Amino acid sequence: MNLDACAIAGGVRAGTTSARAAVQHSLDRIAATDPRVNAFTSVLAERALKRADAVDLNPRRSRMKLAGVPFAVKNLFDVAGLPTLAGSKIERDSPPARRDAVLVRRLEAEGAVLVGALNMDEYAYGFSTENTHYGATHNPHDLSRIGGGSSGGSAAAVAAGQVPFTLGSDTNGSIRVPASLCGTFGLKPTFGRLPRTGSYPFVASLDHLGPFARSVADLALSYDVMQGPDVADPACAQRDIEAVSDKLGQGAAGLRVAVLGGWFRDKALPEALAAVDAVAQALGTTRLIELPEVERARAAAFLITCGEGGALHLDDLRTRALDFDPMTRDRFLANALIPAAWVMRAHRVRHWFARRVARAFETVDVLIAPATPCVAPPIGTEWLDIGGQRLPSRASMGLLTQPISCIGLPVVTVPLWGLSAASPHLPIGVQLIAAPWREDLALRVAAELESQGLCSAPVAPGL
Amino acid sequence: MTAVDHQAYIDAAAATLGLRISLEQRKGVALYFGLAAGMAELLQGLPLTAADESGNVFTPVAPEVDE
């Protein structure tokens, strides 16, 4: 599907196309491409067509912001009638969800139509979506490579043109990493901005939900529709909706932009550095900022993840450890054992770091950093050489995202192309990072880069 | 903690929590526990004071009352 969500909704609102036609096109594209991509774990054709017909008959159709726009969600979102798998075999035994997740309901209230659920790393613990139970999700731009994770299906479905936008989750980088590797736009809002009610948690202290899309306008539109408090998620801020769609046209004019140095350059391969430098040049900045103790911030996120993730699954680890994906099992077992003092100190370091970074934002509006150290590695890659160190490939995909989500900053990931000498067909993403609650600034910069033609998210050719 | 201490701790903590770690899982669990221990050591190197308490907030839950 080459039209973006704004274009589809515009056509359905105007009556030049129908929601049914848009949804049927999406279902056909999924049927044609998913045997190779493996983005979907469930396709909801009957439900989707029924809802599409309801949109076409709805007297409010001409005012619905997402009229007839097909979308899909990572399979940790509740979908009425389906068990919420969260990428696991274990949750197949869970009772079906009684209602859709809050964000799904908000999107469908504006005319969007859910067409399916998407593959992911088990319990969101991974950066590669090489899921043993449901198979690996393949990168639509090179089927021999990973699509990133843990929201791998969410990025791949957009890159494959199966749907114009999807939802995923990001605890340590799980929106930004697959957006980077699959060449889509992605938004991880401020921690606490979007309610997580009706989604399967990974690390409640760090979990964020957000959209993937092929245009900045679609990111902003879906984000605006999803905003608003929800008391059922204790981490959700009780903030009014702060719409961003009408601000995109302001571009980057007047914004103070800087490149992140230190850790964020040391852990990046040449293609990632070239992407950041291209963005900096396009925005006319040569300013470099170094944040303090980034490695420790990453360690804090790592340990909070261990402590909460391990404790969440303790009962199943006791009784059915062999049902976990071998890709996660030993890590969850180890995590269940770590001392509480390590986790509590990690929370303190997290706050220490957040205060220091807030000072940096007194003199800058948007910070630029690579989203991943490199382009997508081949499926099955175990090791990468980064900065002269031999590092585990899968965990290293989050080296540059983890310190940022640790303190809940909003980030838009934008895709650039042709920067890897060895793999010029592959994209790589750049993080545009703003101060808490300033998603608008990161999205304005993303819109500027998109309008200059530097960043784009084309449908993968030849699928 | 040294690597030897890790294994002793892992065995004791697993028994305390009711986790059975098989021979096949033992190596991986030790590897990942060691990674976490390295991260913890890194955090220990940052001087913190009582003013750096995290302040993680619990929000009391009010009953739902029909108006």
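Anything mentioned here points back to the structure above.
**Q** Explain the interface of chain A and chain B here, please?
**A** When the parts of a complex come together, some accessible area is lost, and that lost area is often used as the size of the interface. On the side of chain B, 25 residues touch chain A, which itself brings 29 residues to the contact. Sort the elements by how many residues they give to the side of chain A that touches chain B and helix H13 (residues 340–360) of chain A lands first, with nine residues. In terms of residue class, the side of chain A that touches chain B is built from 17 nonpolar, two polar and ten charged.

**Q** Looking at this structure, I do not really get the sheet that holds strand S10 (residues 208–213) of chain A. What am I missing?
**A** For sheets, the rule is that strands pair by backbone hydrogen bonds, running either parallel or antiparallel. Residues and elements named next belong to chain A. What the eleven strands build is an open sheet, ordered S1-S3-S2-S8-S10-S9-S16-S17-S13-S11-S12; its pairing is mixed. Edge strands, defined here as strands with exactly one partner in the open sheet, are strand S1 (40–43) and strand S12 (288–289). Across five bridges, the pairing between strand S2 (residues 70–74) and strand S3 (residues 113–118) is parallel. Residue pairing across strands places proline 70 opposite valine 113, the latter belonging to S3. Set on the sheet, helix H9 (residues 270–283) makes contact with strand S11 (257–260), strand S13 (366–370), strand S16 (411–417) and strand S17 (427–434); between it and S13 the angle comes to about 155°.

**Q** For this particular structure, what's the right way to read the pairing of strand S8 (residues 165–170) of chain A?
**A** One face of the sheet, then the other: side chains in a regular strand alternate in exactly this way. Residue and element names in this part refer to chain A. Of all six residues in S8, six are buried; the element is thus mostly enclosed. Burial along S8 is two-sided: the face carrying Phe165, Leu167 and Ser169 and the face carrying Thr166, Gly168 and Asp170 are both buried. Bridging between S2 and S8 involves three bridges; their strand directions are parallel. What sits directly across from valine 73, in S8, is leucine 167.

**Q** So what exactly am I meant to see when it comes to H9(A) here?
**A** For the α-helix, the turn length of 3.6 residues means that residues three or four positions removed from each other point alike. Residues and elements named next belong to chain A. A rise of 1.5 Å per residue sets the reference length of H9, with its 14 residues, at 20 Å; its end C-alpha atoms lie 20 Å apart and thus fit the reference within 8%. Buried residues of H9: Glu271, Ala272, Ala275, Val276, Val279 and Leu283, and no others. Summarising the axial view, the buried residues of H9 lie within an arc of 140°, below the 170-degree limit, and thus occupy one face. For H9, the exposed residues lying more than 90 degrees away from the buried face are Pro270 and Gln281. Those residues of H9 that are buried lie in contact with S11, S13, S16, S17 and helix H16 (439–451). Once H9 finishes, glycine 284 follows within two positions and takes phi at roughly 70°, a positive value.

Cut-off values and rules
Residues numbered from 1 in each chain as written. Chains lettered and ligands numbered in written order. Predicted model: local features only at pLDDT ≥ 70, side-chain atom pairs only at ≥ 80, totals over all residues. Contact = placed C-beta atoms within 7 Å. Helix = DSSP H or I, 4+ residues; strand = E, 2+ residues; numbered from the N terminus. Nonpolar A, V, L, I, M, F, W, Y, C, P; charged D, E, K, R; others polar. Pairing = 2+ DSSP bridges. Axes fitted to C-alpha atoms, helices over the stretch in contact; angles between N-to-C directions. Buried ≥ 20, exposed ≤ 12 C-beta atoms within 10 Å, placed from the backbone. Expected span 1.5 Å × (residues − 1). Arc of directions from axis to C-beta.

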